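Overview (structure and organization)
In case you want the letters, here they are:
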Amino acid sequence: MADLPELRRDPATREWVIISPKREGRPKGFRIPDGDEPLEEFDPECPFCPGNETMTPPEVLAYRSSDSQPDSPGWWVRVVPNKFPVISPDGDLDTKGFGMYDLMHGVGAHEVMIETPKHNLQIATMPLQQLAEVLWAFRDRCLDLSQDTRVRYTMLFRNRGQIAGATLAHPHSQLVALPMIPHDLKQKIAGVAAYYDFHERCLYCDMIRQETNFGERLICGNEEFIAFCPYAPKYPYEIVIMPRGHRRSFVEETRHTIEPMARIVREVMQRLDSALNSPPFNFTFHSAPVNVEKDPLFHWHLSVLPRLTIAAGFEMGTGIYINTVRPEDAARILREEPIEPKLVEAAQPASPGNGETKSASKSKVST
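Below: a short report on this structure. (Residues numbered from 1 in each chain as written. Predicted model: local features only at pLDDT ≥ 70, side-chain atom pairs only at ≥ 80, totals over all residues. Heavy atoms only, no water.)

With respect to the overall build of the protein chain
Under the convention used in this document: Numbering goes from the N terminus for both helices and strands, where a helix is a DSSP run of H or I of at least four residues and a strand is a run of E of at least two. The criterion used for residue contact is that any of the two residues' heavy atoms lie within 4.5 Å. Where accessible areas are quoted, they stem from the Shrake-Rupley method and a 1.4 Å probe; at the residue level, only the protein chains shown are allowed to cover.
Broken down by element type, the protein chain carries six helices and 15 strands. Contacts in the protein chain between residues far apart in sequence, at least 24 positions, make up 71% of those at least 6 positions apart. Here the protein chain has roughly 17500 Å² of accessible surface; of this, 54% comes from carbon and sulfur atoms.

Laid out in C-alpha cells, this is it:
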C-alpha cells in the first residue's frame, strides 16, 4: 500500500519523519511557476558584479588573473567578509555561566563566496572548471579559518531564492566559522559513534553500500561520489551527495577528487532544476569539527534541501517533519529526468597555483 503513511527514522540522528505520499510524488505539484525575465550577465547595482568591488569589504581570498589587483576586476572567484555578519572576528570567547545558563561571546567569521563574475549563472549552468574552483575556494577558506584555535566548526551553505533566505540574486555561498559545535552535528557524531560501537563499521560507508545495492533511492554517481535521496528525508526531493571513500572532513578533498565532485553537484542541480523548474533550495555541508580531538568515524556529506513546503505547527511542536513525497519516488523522477543543460562554456579559468592566479588569502579571525 504505497499511499499508506510511514514513520521512518534517520539512522544517524535517530529523528523520526512522517512520509505521507500524495499522488505518487509527481513533480508537477511542486513545480515553481516561471518567474521574472531572465537575469542579465551584469547588473550595475549588484555589489557582487565585477567593477563594484568597492561595494563589499576587502577580499580575503581571490582567484584572479596575475595582472589584476586586489579588490578590482579580473577575478573569477572572490571571498569577502559578510557586511552583516552573524558572528564577529574580534574579541575573546569569555565563556561564563549565569546560574543554570551558559554564555560566550560570538567570536568567529562570516564570509561570502562570490562564485562567478557572471550575475546570471547558476550551479546547473556553470562551467565545470568554474564550479571546481568554487569548491576549491571553500576548502582554502576552511583550512585558513581552522588555524584559529577558537574555531570549532566551519559551516558552508548556499541559499537560492527568497524562501530559502537569499537576499541577492548573484550566485554566492556563505561560510560561518563557529566557536562551538552545533547540536545537530553532535547528534550525528553520537549516532555514528553508537553505530560503530555496535557494528564496528562506519554508518555512512554502510549507507553507501546499501543505497548502491538497493538502487531505488539512487540518483547518479561517478568514480568518487554518490547522490541519493535519504531513507528518512525531512524535505520533498531532499538529496545527499557523499564521497564513496571514507573522509571525515571536506578539507581532505584533493585536486583529484574536486573535479568529480563538481561533476556530480552540477548534475544533481541540473536534474533538480529540470524536474522542478529551478526551485528555491538550501545546500549545507556536514563536516567534522576542527581543533578538537579527531574522530575518524565521521563521514562528510553535502545535503541539498529544496524548499517546496513550509514547516507548520505540527513540525514546530513535535520536531517531526512531514514529507509528502516518498524518497524512492523522488529519486526515480530525478534519475529519469532528461537533462538539457544550458551551459555557458566560457573560457575556463586557470587553476590556483599554476602561475596564472593571485591569492589574497588571510584569515579574518583575529587572534
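Things to note about the packing of aromatic side chains
The criterion, for reference: Aromatic rings from Phe, Tyr and Trp, taking only the six-membered ring of Trp, are treated as a pair when their centres fall within 6.5 Å; an angle between ring planes under 30 degrees marks them as stacked, one over 60 as edge-to-face, and anything in between as tilted. For every residue, the accessible area obtained with a 1.4 Å probe (protein chains only) is divided by the maximum for its type, and the residue is called buried under 20%, exposed over 50%, and partly exposed between those limits. Distance and angle both matter: a charge sits over a ring if NZ of Lys or CZ of Arg is within 6 Å of the ring centre and within 35 degrees of the ring normal.
Within the structure shown, the criterion is met by nine aromatic pairs. With centroids separated by 5.8 Å and ring planes inclined at 15°, the aromatic side chains of Phe285 and Trp300 adopt a geometry described as stacked. Here Phe285 is found in strand β13 (residues 281-286), whereas its partner Trp300 is found in the loop between β13 and β14 (301-306), with 15 residues between them in sequence. Note on Phe285: relative accessible area 2%, which makes it buried. Of the aromatic side chains, those joined through ring pairs into one cluster are Phe138, Phe225, Phe250, Phe281, Phe283, Phe285 and Trp300. Geometry around Trp136 places Arg255 over its ring, the cationic atom sitting 4.3 Å from the centre.

Considering the sheet that holds strand β2 (residues 16-19)
For clarity, the cut-off: Any two strands with at least two DSSP-identified bridges between them are counted as paired. Angles run from 0 to 180 degrees between N-to-C directions of axes, and those axes are lines fitted to C-alpha atoms, restricted for helices to the stretch in contact.
If you trace the three strands from one edge of the open sheet to the other, you get β1-β2-β15, paired in mixed fashion. One side of each edge strand has no neighbouring strand; the edge strands of this open sheet are β1 (6-9) and β15 (321-323). Ignoring which end each strand starts from, the neighbouring axes of this sheet average 30° apart. Where β1 meets β2, four bridges bridge the pair, whose relative direction is antiparallel. In the strand pairing of β2, Arg8 is matched with Val17.

Quick look at the pairing of strand β10 (residues 218-221)
Sheet analysis places β10 next to strand β11 (residues 225-228), joined by three bridges and oriented antiparallel. Each bridged residue has a counterpart across the sheet, and for Leu218 the counterpart in β11 is Phe228. The antiparallel hairpin formed by β10 and β11 contains three residues in its connecting segment.

Overview of the sheet that holds strand β8 (residues 153-160)
Overall, antiparallel pairing links the 10 strands, which are arranged β3-β4-β7-β9-β8-β13-β14-β12-β11-β10 in an open sheet. Sheet topology places β3 (61-64) and β10 at the edges, where each strand pairs with a single neighbour. Along the sheet, successive strands turn relative to each other by an average axial angle of 15°, direction set aside. Pairing of β13 with β14, which is carried by six bridges, proceeds in the antiparallel orientation. The residue of β14 that forms the bridge with Phe281 is Pro306. Helix α6 (residues 327-336) rests against β10 and β12 (239-243) of the sheet, and its axis sits at about 40° to β10.

Here we look at a nonpolar patch on the surface
We count it as follows: Within this analysis, patches are made of residues with over 30% relative accessible area and no salt bridge. Like charges are joined at 9 Å or less; nonpolar side chains (Val, Leu, Ile, Met, Phe, Trp, Tyr) at 5 Å or less. Every case where a carboxyl oxygen of Asp or Glu lies within 4 Å of a side-chain nitrogen of Lys or Arg is listed as a salt bridge.
The grouping of Phe98, Met100, Tyr101 and Leu103 at the surface amounts to a nonpolar patch, some 500 Å² of accessible area in total. With respect to the helices and strands, the residue Leu103 is situated in strand β6 (residues 101-103). Of the residues examined, Leu103 reaches a relative accessible area of 41% and is grouped as partly exposed.

Concerning the packing of helix α2 (residues 183-199) against helix α3 (residues 203-214)
What counts is decided by this rule: Here is the rule for angles: anything less than 35 degrees is roughly parallel, anything more than 145 is roughly antiparallel, 65 through 115 is roughly perpendicular, and the remaining ranges are oblique.
Put simply, α2 and α3 touch, their axes get as near as 9 Å, and they point 80° apart. In terms of orientation, α2 lies roughly perpendicular with respect to α3. Only Leu203, Tyr204 and Asp206 of α3 make contact with α2, whose side of the interface consists of Lys188, Gly191, Val192 and Tyr195.

Quick notes on α6
Among the 10 residues of α6, seven are classified as buried, and the element is accordingly described as predominantly covered. Buried within α6 are the following residues: Pro327, Glu328, Asp329, Ala330, Ala331, Ile333 and Leu334. Contacts from the buried residues of α6 go to β1, β2, α3, β10, β12 and α4 (255-276).

A look at the nonpolar core
So the rule is basically this: For this analysis, a nonpolar core means a set of buried residues of the types Ala, Val, Leu, Ile, Met, Phe, Trp, Tyr and Cys, connected via side-chain atoms within 4.5 Å.
Of all hydrophobic cores here, the largest spans 59 residues; its most connected members are Tyr237, Ile239, Ile241, Met261 and Phe285. Not counting chain neighbours up to four residues away, the residues in contact with Met261 comprise Leu135, Phe225, Phe250, Phe285 and Trp300. Listed in part, the 24 residues of the second largest apolar core include Ile87, Phe157, Val192 and Ile226.

Describing the pattern of salt bridges
Enumeration over the complete set of coordinates arrives at 26 salt bridges. Of the charged contacts in the structure, one is a salt bridge between Arg160 and Asp273, with a shortest N-O distance of 2.7 Å. With Arg160 in strand β8 and Asp273 in helix α4, this residue pair connects regions lying 113 residues apart in the sequence. A salt bridge links Arg209 to Asp206; its shortest N-O distance comes to 2.4 Å. Of the two residues, Arg209 and Asp206 are both situated in helix α3; the distance of three residues between them amounts to about one turn of the helix. Under the relative-accessibility criterion, Arg209 is labelled partly exposed at 44%.

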